[in-house]
Amino acid sequence: MRKVYIETLGCPKNQIDSEMMLGLLSKDIYGIAEYPEEAEIIIINTCGFIESAKEESIMTITDFMTLKQEAKCEIFIVAGCLVERYADELKSELPEVDIFIGTTKFPLIVKAIEEYESGHDPIVNIGDIDILIPENLPRVKTTPSYTAYLKISEGCDNNCTYCIIPQLRGKYRSRHFEDIIVEAKKLVESGAKELIIIAQDTIRYGKDLYGKNRLAELLTEICKLDDLQWVRVMYAYPDEIDTELIETFAREEKLLNYIDMPIQHGSNSVLKRMNRRTSQEQIRSVVEEFRALVPDMMIRTTLIVGFPGETDEEYQDLYNFIEEIKFGRLGVFAYSKQDGTPAGRMKDQIDEDVKLERQAGILELQQGISLNNNGFYMGKTIEVLVEEKIADEDVYMGRARFDAPEIDGQVYINTKKMLQLGDIVSVEINDFMEYDLIGGLANESC
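The notes below deal with the structure included here. (Residues numbered from 1 in each chain as written. Predicted model: local features only at pLDDT ≥ 70, side-chain atom pairs only at ≥ 80, totals over all residues. Heavy atoms only, no water.)

Quick word on the state of the cysteines
Here is step 1: Taken as a whole, this structure holds 0 disulfides when the rule is applied.
Here is step 2: With no disulfide partner, Cys 11 has as its closest neighbouring cysteine sulfur the one in Cys 47, 6.3 Å distant.
Here is step 3: Judged by relative accessible area, Cys 11 falls into the partly exposed class, the value being 26%.
Here is step 4: With no disulfide partner, Cys 163 has as its closest neighbouring cysteine sulfur the one in Cys 160, 6.1 Å distant. (Disulfide = S-S within 2.5 Å. Buried < 20%, exposed > 50% of the residue type's maximum accessible area, 1.4 Å probe, protein only.)

A look at the environment of Tyr 5
Here is step 1: When you line up the elements, Tyr 5 lands in strand β1 (residues 2-8).
Here is step 2: Residue classification places Tyr 5 among the buried residues on the basis of a relative accessible area of 13%.
Here is step 3: Distance from Tyr 5 to Glu 40, taken between C-alpha atoms, is 8.1 Å for residues 35 residues apart in sequence.
Here is step 4: Residues contacting Tyr 5, with those up to four places away along its chain left out, are Ala 33, Glu 34, Tyr 35, Pro 36, Ala 39, Ile 41, Ile 42, Ile 43 and Phe 64. (Helix = DSSP H or I, 4+ residues; strand = E, 2+ residues; numbered from the N terminus. Contact = heavy atoms within 4.5 Å.)

Notes on the pairing of strand β15 (residues 381-389)
Here is step 1: As defined by bridge partners, β15 adjoins strand β18 (residues 424-432) across 5 bridges and the pair is classed as antiparallel. Directly across from Val 384, in β18, lies its bridge partner Val 425.
Here is step 2: Where β15 meets strand β16 (residues 395-400), 5 bridges bridge the pair, whose relative direction is antiparallel. By the bridge assignment for β16, Val 386 is matched with Gly 398. (Pairing = 2+ DSSP bridges.)

This is the structure in structure tokens:
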């Protein structure tokens, strides 16, 4: 049996596409390789969102290409956003690649391999980015057994001026409510204790399909699943967050008091140039309502500094807003010019050193905010999902209810007890750092 290896770059949405490709291939005559050196078929699922992601994708393709050149790999496949955006250029520059597959054509992975082996050289499957991804595709999870991503829609209609995603992923297409619940049940039955809800914009779930946002209703139904303990919501744009959704967070115990809410900026003039359908005042109102109804709500956000035309005054407006709101979690990117976007054609592009200086300023501000926020947990007992044992030490690492995988902090658990990865345990916090917490098992005798 030939083996396949997939290297996934970019976001969790890409990760689900990779898991479905693995599912389709493992259903057939292929096994799954743990390491690329073991595989006859290698797939690089690329990201093409910003310049650094494109560079990482090209470097990864180049690095893995050595296995093809050494004749260890028989079929080399490049998939995902970079292919959708630059298929012709990649085909010309990378003749060693046997198959190129775009963002909506990954369900054809088995057919593409069969066609290639029948003499078609190379195979290029792109376009039709607005088609629906078939339901009930097999899926091989690549996350730990206790955590799973659940994608509720494809594409995006927001058309932010800096973003290429609508050109790579197509228009917003909600999945049917019932299909999502069926998949959620399967994931929980397979051992998932935590479901992480994702989409390009989760808040608009259902609007295209049902004429109204149904995220609150969907979350309520998902929370009914037995054996599911945590439900986490990512990528919820603030402009359509309403009282019904906030009340759902307050009511549903399994729905974590955590939301990833990208605001991108705090200056109204910059938000307008970004074509964001929100304002500083509306964002402040949403945060205040969350904190009123869910007092311990952890709000994560992401920002872009150095957007074209961003003045010192606009940056200061953003800085002051972050200082006022004190988001619990925050990431900040220096603006990356994207070909084919309105922002890429704007005048007054900001110098790179100014972007990096502004990025560093926000990060330094957030470091102090985060340190102060973490001090709140001193002496308190929190739930932590155990994820790793530190070798040769009586220490485990895990995530609190208010931390998402890969992007947020860690909790270090000092204990002589044997813990199982995937356990959710009570930890009493006795120390803290800027981003991480330290503690021991609650009620554990010394």
